[in-house]
Amino acid sequence: MPRETSKARFARLKKIITVLDRTYPEVHCELKHTDPLELLIATILSAQCTDKRVNIVTKELFKNYRSVADYANAPLAELEQAIKSTGFFRNKAKNIRACCRKLVERHGGKVPRTMEELTQLAGVGRKTANVVLGNAFGINVGVVVDTHVARLSHRLGLTKQTAPEKIERDLMSLVPQKQWALFSHWLIWHGRRRCSARKPDCQNCEVKKLCPQIGITKRFDHG
Ligand code: SF4
């Protein structure tokens, strides 16, 4: 791709956002939840696991574990069993229990609303904190960078970085802050529905005219 000025990239991104907004008007977090605690638990479980599988597991889990105290007091083996099929279940169970114990001890049993407090909880990194802040509280302090967001940001020529924190910094400087949470949903939805890792459907892609298709080989691109 010929070198693009920042002004041109901003203008292109604005058009990409308009198209994605029109394409996915119903966009939302695909992890099912009814409150901040459920979203926090679901997001911890989603590490190395699909949202679909997490939703199957949490359907039962949330019936049996209704409060922070339920997780904090749960026998570890029981919690492990309940989340087993999400993978890495020993670590996840340990983190969920430790996280909820801290919520009881330090936060009155509530999920805190700041990046600093959230990232001090067991099993909660910047990505999980961004998911909770953006979706449970409507607070945009960062952009969630998962595998889809990283891949699409690169293909769309929005970053050259590969480390999630650096991709996030690039996106934060391009995307209007009020759209940070939405923007990652748009890229995640587009990544799942159109721009998959192995077989991007460039030919039918809604943003193909705005996409330099960085790293896409001709094998994929029939457009
Ligand atoms: S044109 Fe291709 S690479 Fe670009 S977003 Fe669409 S599917 Fe992905």
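Provided above is the structure to which this section pertains.
The model shown is predicted, which means the values in this text are computed figures rather than measured ones. Here, residues in each chain are numbered from 1, in the same order as that chain's written sequence. Reporting in this predicted model follows two pLDDT cut-offs: at least 70 for local features of residues, and 80 or more for side-chain atom pairs to be given and counted; totals over whole chains, interfaces and linings ignore these cut-offs and use all residues. Hydrogens and waters are ignored; side-chain quantities use all the structure's heavy atoms.

**Student:** Explain the overall build of the chain to me, please; I cannot follow it from the model alone.
**Tutor:** Counting secondary structure elements, the chain contains eleven helices and zero strands. In sequence order, the secondary structure elements of the chain are arranged as α-α-α-α-α-α-α-α-α-α-α. Values of the radius of gyration come from C-alpha atoms, whereas the globule rule sets the reference at 2.2 Å times the count of residues to the power 0.38. Taken over C-alpha atoms, the radius of gyration comes to 19 Å for the chain, in line with the 17 Å a tight globule of 223 residues would show. The dimensions of the chain, computed from C-alpha atoms along their principal axes, are 55 × 30 × 30 Å. Across the 223 residues that make up the chain, the buried fraction comes to 47%. What counts as a helix is a DSSP run of H or I of at least four residues, what counts as a strand is a run of E of at least two, and both are numbered from the N terminus. Three labels apply to residues, based on accessible area from a 1.4 Å probe with only protein chains included: buried if under 20% of the type maximum, exposed if over 50%, partly exposed otherwise in between.

**Student:** Would you explain the pattern of salt bridges in this entry?
**Tutor:** Oppositely charged side chains are able to pair whenever their charged atoms sit close together. Salt bridges are defined by distance alone: a side-chain nitrogen of Lys or Arg within 4 Å of a carboxyl oxygen of Asp or Glu. If you walk through the whole model with that rule in mind, you get ten salt bridges. Measuring nitrogen to oxygen at the nearest pair gives 3.2 Å for the salt bridge that ties Arg9 to Glu4. Relative accessible area serves as the criterion here: at 23%, Arg9 is assigned to the partly exposed category. Here Glu4 falls in the buried class, since its relative accessible area comes to 14%. Note that Arg192 and Asp51 form a salt bridge whose closest N and O atoms lie 3.1 Å from each other. Of this pair, Arg192 sits in helix α11 (residues 180-193) while Asp51 sits in helix α3 (residues 51-64); the two residues are 141 residues apart in sequence, bridging distant segments of the chain. Of the residues examined, Arg192 reaches a relative accessible area of 35% and is grouped as partly exposed. Taken together, the shared-partner salt bridges in this structure form one network comprising Glu30, Asp51, Arg192 and Arg193.

**Student:** Sorry if this is basic, but what is going on with the site of the ligand here?
**Tutor:** Any residue with at least one heavy atom within 4 Å of a molecule or strand is counted as near it. Taken together, Arg155, His190, Cys195, Pro200, Asp201, Cys202, Cys205, Val207, Lys208, Cys211, Gln213 and Ile216 are the residues near the ligand. When residues are sorted by character, Ala, Val, Leu, Ile, Met, Phe, Trp, Tyr, Cys and Pro go into the nonpolar class, Asp, Glu, Lys and Arg into the charged class, and all the rest, Gly among them, into the polar class. Among the residues making up the shell around the ligand, the classes are represented as seven nonpolar, two polar and three charged.

**Student:** Where do I start with the environment of Gln161 in this structure?
**Tutor:** With respect to the secondary-structure elements, Gln161 resides in the loop between α9 (147-155) and α10 (164-174). Separated by 83 residues in the primary sequence, Gln161 and Glu78 have C-alpha atoms spaced 41 Å apart. Residues count as neighbours in contact if any of their non-hydrogen atoms are within 4.5 Å of one another. Those residues in contact with Gln161, other than ones at most four positions away along the chain, are Lys166, Ile167 and Asp170.

**Student:** It is not clear to me how the nonpolar core should be interpreted in this structure. Could you clarify?
**Tutor:** Considering soluble globular proteins, one finds that nonpolar side chains tend to be buried as a cluster. If you look at the biggest cluster of nonpolar residues, it comprises 38 residues, and the most contacted ones within it are Ile41, Leu61, Tyr71, Cys100 and Leu103. Elements supplying a minimum of two residues to this core: α2 (36-45), α3, α4 (68-72), α5 (76-83), α6 (89-107), α7 (115-118) and α8 (126-136). With seven residues, the top contributor of residues to this core is α2. Setting aside its immediate chain neighbours within four residues, Leu61 contacts Ile41, Leu45, Tyr71, Leu79, Ala82 and Ile83. In this structure, Leu156, Ile188, Cys205 and Cys211 belong to the second largest nonpolar core, which totals 28 residues. Buried Ala, Val, Leu, Ile, Met, Phe, Trp, Tyr and Cys residues form a nonpolar core when they are joined through side-chain atoms within 4.5 Å.

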